[in-house]
Amino acid sequence: MQNKLDKTRAFFIKAWDLLLNVGFLLIIFLVAFFLFYKSDQAQDFIKAFVQEPNLYYEISVAILLFFWSYITWYSASVILEISKINLKFIQTEFYEKFCLLLSLVPSFILAGSLFVGKAWLHGIAALGIGLFSFFIFKWLNKKNNNRGLWPTWNAILKHNTNDKGEERTPLFIEEIKFILHYYNVRFYFVYIGAFFLVVLLLFCFPFTTIKLGRLLHPASVVILALTFFTYIFTVIFYLHDFRKRPFIIYIFIWLIFCSYLNDNSELKGLREFKGLKDYRLTPPIAFDKWYEYKSAQWKTKHDSLVTMPVIFIATQGGGIRGEIWTSEVLQSIEKTFPGFYDQVFCIGGASGGTVGALYYNLFMYDLKKNAPGNPKINFSNFQKFTSADCLSPVTASFAFGETIQKILPFPVASLDRSKIMMKAFSNSYNLNLSSHLADSSLLDIYYPNKDASFFNCDIPSIFVNGTLAETGQQVITSNLNISQSKNFEHDIDFFDKVRADISVSTASLNCMRFPFLFSGGLINKRIDITHTHKIGHIVDGGYRDNSGLQAMQSLITDLILNFKDKNVKPILIYLRNGGLEYESAKENEQKAITGFHDMLTPFSALFNINGTATPSLISIKMIEQLQKNYNISKLYYNQIWLKDTSIENEKFPLGLYISDTSCQKMRRRASNISTVNKGTFDTLSSFFNPIRKD
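The present account deals with the structure reproduced in this document. (Residues numbered from 1 in each chain as written. Predicted model: local features only at pLDDT ≥ 70, side-chain atom pairs only at ≥ 80, totals over all residues. Heavy atoms only, no water.)

Some points on the overall build of the protein
Of regular secondary structure, the protein possesses 29 helices and 11 strands. For the protein, the residues scored as buried account for 55% of the 694 residues in total. Taking the intrachain contacts of the protein between residues at least 6 apart in sequence as the baseline, contacts between residues at least 24 apart amount to 79%. Of the accessible surface of the protein, which amounts to about 31,900 Å², a share of 62% is contributed by carbon and sulfur atoms. (Helix = DSSP H or I, 4+ residues; strand = E, 2+ residues; numbered from the N terminus. Buried < 20%, exposed > 50% of the residue type's maximum accessible area, 1.4 Å probe, protein only. Contact = heavy atoms within 4.5 Å. Areas by Shrake-Rupley, 256 points an atom, 1.4 Å probe, with all protein chains shown as cover.)

Laid out in structure tokens, this is it:
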């Protein structure tokens, strides 16, 4: 009985030692499982595998999957065979078998996700790569033992014990000499390390990060990142000894120290306002100028008795899904009702939907100003821009560029993953439309001479809504000055604080900064010519209001008196691409969190509450009540919704990557506005289909 207890105790001791030393591999496997199984993005890239054959992409995934298995096997071998843990496992072949089994896990993870996505052939191929790797590594084990390329037991014992046979921690210089002495150990630490150093350096520069990221595609970038972190943690855990050389603690302390000095997320302006004077118009003044300009145009095409529509558009967040849905619906309406976009006074919202609105606005400006001399400025090329892969560059920057930034005690702006996203937008716009407007001034589009008297009424005003992480306030980036409006008194006017112009691509990041994937953008309030004050970090607008309706409600309220005595009809259109809390909260289908509820409940609340129910139910009623009080004609409210499962049982991903197949299905739905939302079609028909003047 005592013998069994001793064996059991010894087993648990060995298992604990094993977990302490290679437990990081299990954590990496869990992260990989989440990325390939639980995210919409993973299922969409699997869909691309199945429905959009791309031999280059498939080969790159296959090669990197083998490389991931190789580094996993090699890393486990380094930790279990030549570190001090080997002293506890000697006289058994457990470590060799365990390392070989670990090498199969990457292939099993990827194959499983492919099987779930019904990519049967690709899943079988992934399993084949895993089995091929297994036998290759088994052969390498035998070769290493026969040729003495790996340290012998006596060498390991001598390295890790003193003259009395007592366990010791080698000096750091002794560790380096030991690593360099044996070819296979040297190959792992030096040559493979040099390879990853080159990868790190390549992904330090925005241009190469964007180019290489898109060249590799999302799945390949994720696999390469997982392989990289496997190597990094292996080196750290090999050098770590909790009692004599707590390498992990040293690194942790250094990272904490650097975090106070290396915030590289500051939002840089193109140039400061002259004399720090804000020249933007307030909404009421801007509306009066816009109305004077538009009503003159309207009367040349319509009978004087025909009411002129004043259109406001709110866009729901939703990553690239929201971006594509917004731009496609706007183009579809404009194609169905020519002149529709000319009647839009303001458009805006949060996250991806507003990125679509911002760039569609830019495209329409480009179309009017530059299209005659540039044949590439057309909607077909704009569609290529909206569907461009942005996930790969951001993931690459997150894994490699940000890793370097974390260990530096000073900020390097080019290593900020959010700025990589910004440059990916502008790079794609320039590449597809041969236009550099994405990198140009946002305010110059509306105020060509930086003068309020030259207000551009040809395109709608824009509301780009973010959230200040430190206070939860809404941060609005707009060509309109809302800083003195009582209806926006609890919101932050971005330009009023920074007193500097920014590019269109920078503005796009003032609304879309997904949790964890992007960093918050540091806002510096301009006090005077030489002094600034850090007021906080701007994060995704969806934290505060994912619909954009709250800001539109405040804007319409601000203009209530401007509508009086004018033959206008305000119309609010909500471009929605996702669900609402109250619609998905069916009591009989909800399951309460059980295990680890204290830990999981806050995260569940964070990811499941998107702030759309409150504005959609309350804001519209508030507007209608205000109009009633001021005796103004009733607001037309219409919603154009992309239902997740409405097209061929399709579920569209929330993120930064979408397959061509999903993209085409969204475009088909948006192409006929009458079938998407008959109410919107009928409302617009009453304004845009009257008999024209001769």
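Don't stop here, the text continues.
Some remarks on the packing of aromatic side chains
In this description, a pair of aromatic rings is defined by centroid distance and the angle of the planes. Under the defined criterion, the tally for this structure stands at 60 aromatic pairs. With 4.4 Å between their ring centres and 25 degrees between their planes, Phe-33 and Tyr-37 make a pair best called stacked. In this pair, Phe-33 and Tyr-37 are both assigned in helix H1 (residues 2–38), four residues apart and thus about one turn of the helix distant. A relative accessible area of 37% places Phe-33 in the partly exposed class. For Tyr-37, a relative accessible area of 24% corresponds to the partly exposed category. Consider the rings of Trp-254 and Phe-257, whose centres lie 5.4 Å apart with planes at 35 degrees: the pair is tilted. Of this pair, Trp-254 and Phe-257 are both found in helix H12 (residues 247–259), three residues apart, which corresponds to roughly one turn of the helix. (Phe/Tyr/Trp six-rings, centres within 6.5 Å; stacked < 30°, edge-to-face > 60°.)

Side note on a nonpolar patch on the surface
Among the surface-exposed residues, Leu-171, Phe-172, Ile-173, Ile-176, Leu-180, Tyr-183, Val-190 and Tyr-191 lie close enough to one another that they form a single nonpolar patch of about 740 Å² accessible area. At the level of secondary structure, the elements contributing two or more residues to the nonpolar patch comprise helix H8 (172–181) and helix H9 (183–202). In terms of residue count, H8 provides more of the nonpolar patch than any other element does, four residues in total. Residue position: Val-190 is located in helix H9. With a relative accessible area of 34%, Val-190 lands in the partly exposed category. (Patch = residues over 30% accessible without salt bridge, like charges linked within 9 Å, V, L, I, M, F, W, Y side chains within 5 Å. Salt bridge = Lys/Arg side-chain N within 4 Å of Asp/Glu carboxyl O.)

Considerations on the environment of Leu-267
Within the fold, Leu-267 resides in the loop between H12 and strand E1 (271–272). Taking relative accessible area as the criterion, Leu-267 reaches 14% and is therefore assigned buried. When the C-alpha atoms of Leu-267 and Gly-520 are compared, they prove to be 9.7 Å apart, with 253 residues separating the residues in sequence.

Focus: the pattern of salt bridges
Within this structure, the stated rule accounts for 14 salt bridges. Between Glu-402 and Arg-417 there is a salt bridge, with its nearest N and O atoms 3.1 Å apart. Of the two residues, Glu-402 sits in helix H17 (residues 391–407) while Arg-417 sits in helix H18 (residues 417–433), which places them 15 residues apart along the sequence. The two residues Glu-402 and Arg-417 agree in class, both being buried. Here Asp-444 and Lys-450 are joined by a salt bridge, their closest N and O atoms 3.4 Å apart. On the basis of relative accessible area, Lys-450 is assigned to the partly exposed category, the value being 38%. Put simply, Arg-271, Asp-444 and Lys-450 are held in one network by salt bridges that share partners.

What about unusual backbone geometry?
For His-217, which is not glycine, the phi torsion reads 80 degrees and is therefore positive. Within the secondary structure, His-217 sits in the loop between helix H10 (206–216) and helix H11 (218–239). Although it is not a glycine, Ser-434 adopts a positive phi angle of roughly 50 degrees. As for its position among the elements, Ser-434 is in the loop between H18 and helix H19 (443–446).

Considering the nonpolar core
In terms of nonpolar packing, the biggest core is built from 184 residues, with Phe-45, Phe-312, Phe-340, Phe-345, Tyr-359 and Phe-463 touching the most fellow members. Of the residues forming this core, the biggest block, 14 residues, is contributed by helix H3 (residues 55–82). Contacts of Tyr-359, omitting those with residues within four sequence positions, involve Phe-382, Phe-385, Phe-425, Ser-426, Tyr-429, Ala-438, Val-504, Ser-505 and Ser-508. (Core = buried A, V, L, I, M, F, W, Y, C linked by side-chain atoms within 4.5 Å.)

Some words on the pairing of strand E9 (residues 532–539)
Note: strand E4 (residues 461–468) against E9, two bridges, orientation antiparallel. When the sheet's bridge partners are listed, Thr-467 is paired in E9 with Val-539. Bridging between strand E8 (residues 521–526) and E9 involves six bridges; their strand directions are antiparallel. Looking at the pairing, Gly-521 lines up with Ile-538 of E9. In sequence, E8 turns back onto E9 through a hairpin of five residues. (Pairing = 2+ DSSP bridges.)

A short note on the packing of helix H14 (residues 319–336) against helix H27 (residues 660–670)
Axis separation between H14 and H27 bottoms out at 9 Å; the angle between their running directions is 35 degrees. Crossing angle aside, the handedness with which H14 passes H27 is right-handed. Facing H14, whose interface residues are Arg-321, Ile-324, Trp-325, Glu-328, Val-329 and Ser-332, H27 presents Cys-663, Met-666, Arg-667, Arg-669 and Ala-670. Of the residues assigned to the contact of H14 with H27, the class counts are six nonpolar, one polar and four charged. (Axes fitted to C-alpha atoms, helices over the stretch in contact; angles between N-to-C directions. Left-handed = near helix turned anticlockwise from the far one by under 90°. Nonpolar A, V, L, I, M, F, W, Y, C, P; charged D, E, K, R; others polar.)

Points about helix H29 (residues 678–688)
Among the residues of H29, those classed as buried are Thr-680, Thr-683, Leu-684, Ser-685, Phe-687 and Phe-688. Contact partners of the buried residues in H29: helix H13 (283–301), strand E2 (308–315), H14, strand E10 (568–576) and strand E11 (636–641).

Let's talk about the side chain of Thr-683
The topology assignment puts Thr-683 in helix H29. In this structure, Thr-683 is in contact with Ile-571, Tyr-636 and Asn-638, ignoring residues within four places of it in sequence.

Side note on the pairing of E2
Most of E2 is tucked away: eight of the eight residues are buried. Burial along E2 is two-sided: Met-308, Val-310, Phe-312 and Ala-314 facing one way and Pro-309, Ile-311, Ile-313 and Thr-315 facing the other are all buried. Bridge count between E2 and E10: eight bridges; the pairing is parallel. Bridge pairing in E10 links Ile-311 to Ile-571.

A few points about helix H16 (residues 379–386)
In terms of residue burial, H16 counts as a mostly covered element, since six of its eight residues are buried. Phe-379, Asn-381, Phe-382, Gln-383, Phe-385 and Thr-386 are the residues of H16 that are buried. Residues of H16 that are buried make contact with H14, helix H15 (351–369), H18 and H27. The N-capping residue of H16, defined by a side-chain oxygen 3.2 Å from the backbone nitrogen of Ser-380, is Asn-378. (Polar contact = N/O pair within 3.5 Å; in protein donor to acceptor, adjacent residues only side chain to side chain.)

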